[in-house]
Amino acid sequence: QVQLVESGGGLVQAGGSLRLSCAASGHTYSAYAMGWFRQAPGKEREFVSSISWSGRHTLYGDSVKGRWSISRDNGKNTVYLQMNALKPEDTAVYYCAAKGVLTGNTLPSNYDNWGQGTQVTVSS
């Protein structure tokens, strides 16, 4: 199993930036990819981005493509989500997740482990 801890959430004004971090511990070798998802009240969990452990393969949801970027630091077993040009509609709880098999990266049901989530609130 992989244990995940998110950090970096907070309150920012529209147009600002945040950088989320997800620190992984445990058997990280079993994770093929890591992903970021978000969920706002009354809405389904939404795919944000994913990255392979090599860092050479990345995916982005349509709503964040061109605005945000995902990266990783193998030495620290940490994945990052750089969020720029934040909008009020980005307000949600953001979750980090790990996937250990070669299945699709955009479906929450394909991920094995989840962090506790971190709140991101964007004010207008």
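See the structure shown above.
Nothing here was measured: the structure is a model prediction, and the numbers come from that model. (Residues numbered from 1 in each chain as written. Predicted model: local features only at pLDDT ≥ 70, side-chain atom pairs only at ≥ 80, totals over all residues. Heavy atoms only, no water.)

**Remarks on the overall build of the protein chain**
Working step 1: Within the protein chain, the regular secondary structure consists of zero helices and 11 strands.
Working step 2: Reading the protein chain from its N end, one meets helices and strands in the order β-β-β-β-β-β-β-β-β-β-β.
Working step 3: With the C-alpha coordinates of the protein chain rotated into their principal frame, the extents come out at 40 × 30 × 25 Å.
Working step 4: Partitioning the intrachain contacts of the protein chain with sequence separation of at least 6 by distance along the chain shows that 56% fall at a separation of at least 24.
Working step 5: A total accessible area of about 6300 Å² is found for the protein chain, and carbon and sulfur atoms account for 50% of it.
Working step 6: The averaged location of the 8 negative side-chain charges in the protein chain is 6 Å from the averaged location of its 11 positive side-chain charges. (Helix = DSSP H or I, 4+ residues; strand = E, 2+ residues; numbered from the N terminus. Contact = heavy atoms within 4.5 Å. Areas by Shrake-Rupley, 256 points an atom, 1.4 Å probe, with all protein chains shown as cover. Lys, Arg positive; Asp, Glu negative; His and termini not counted. Charge placed at Lys NZ, Arg CZ, Asp CG, Glu CD.)

**Regarding the pairing of strand S3 (residues 18-26)**
Working step 1: The pairing of strand S1 (residues 2-7) with S3 spans six bridges and is classified as antiparallel. For Gln-3, the partnering residue across the bridge sits in S3 and is Ser-25. (Pairing = 2+ DSSP bridges.)

**Observations regarding the packing of aromatic side chains**
Working step 1: All told, the structure shown has six aromatic pairs when counted by the stated rule.
Working step 2: On the basis of an interplanar angle of 70° and a centroid distance of 5.7 Å, the ring pair of Phe-37 and Phe-47 is categorised as edge-to-face. Of the two residues, Phe-37 is situated in strand S4 (residues 33-39) and Phe-47 in strand S5 (residues 46-52); the sequence distance between them amounts to 10 residues.
Working step 3: Owing to a relative accessible area of 0%, Phe-37 belongs among the buried residues under this scheme.
Working step 4: Pairing Tyr-95 with Trp-114 gives two aromatic rings, centres 6.4 Å apart and planes at 80°, and the pair type is edge-to-face. Taken together, the residues span a long stretch of sequence, with Tyr-95 in strand S9 (residues 92-99) and Trp-114 in strand S10 (residues 113-114) at a distance of 19 residues.
Working step 5: What links up through ring pairs into an aromatic cluster is the set Phe-37, Phe-47, Tyr-95, Tyr-111 and Trp-114.
Working step 6: In this arrangement the basic side chain of Arg-19 is found over the ring face of Tyr-80, its NZ or CZ atom lying 4.0 Å from the centre.
Working step 7: Of note, Arg-45 hangs over the ring of Tyr-95, and the distance from its end group to the ring centre comes to 4.1 Å. (Phe/Tyr/Trp six-rings, centres within 6.5 Å; stacked < 30°, edge-to-face > 60°. Buried < 20%, exposed > 50% of the residue type's maximum accessible area, 1.4 Å probe, protein only. Lys NZ or Arg CZ within 6 Å of the ring centre and 35° of its normal.)

**Describing the sheet that holds S3**
Working step 1: Strand order in the open sheet formed by four strands is S1-S3-S8-S7, with antiparallel pairing between adjacent strands. Taken across any chain shown, the strands that pair with only one partner, and hence form the sheet edges, are S1 and strand S7 (68-73). Strand-to-strand twist of the sheet, defined as the mean angle between neighbouring strand axes without regard to direction, takes the value 20°.
Working step 2: Pairing of S7 with strand S8 (residues 78-83) involves six bridges; the strand directions are antiparallel. Opposite Trp-68, over in S8, you have Met-83 as the bridge partner. (Axes fitted to C-alpha atoms, helices over the stretch in contact; angles between N-to-C directions.)

By themselves, these are just geometric observations and shouldn't be taken as functional.
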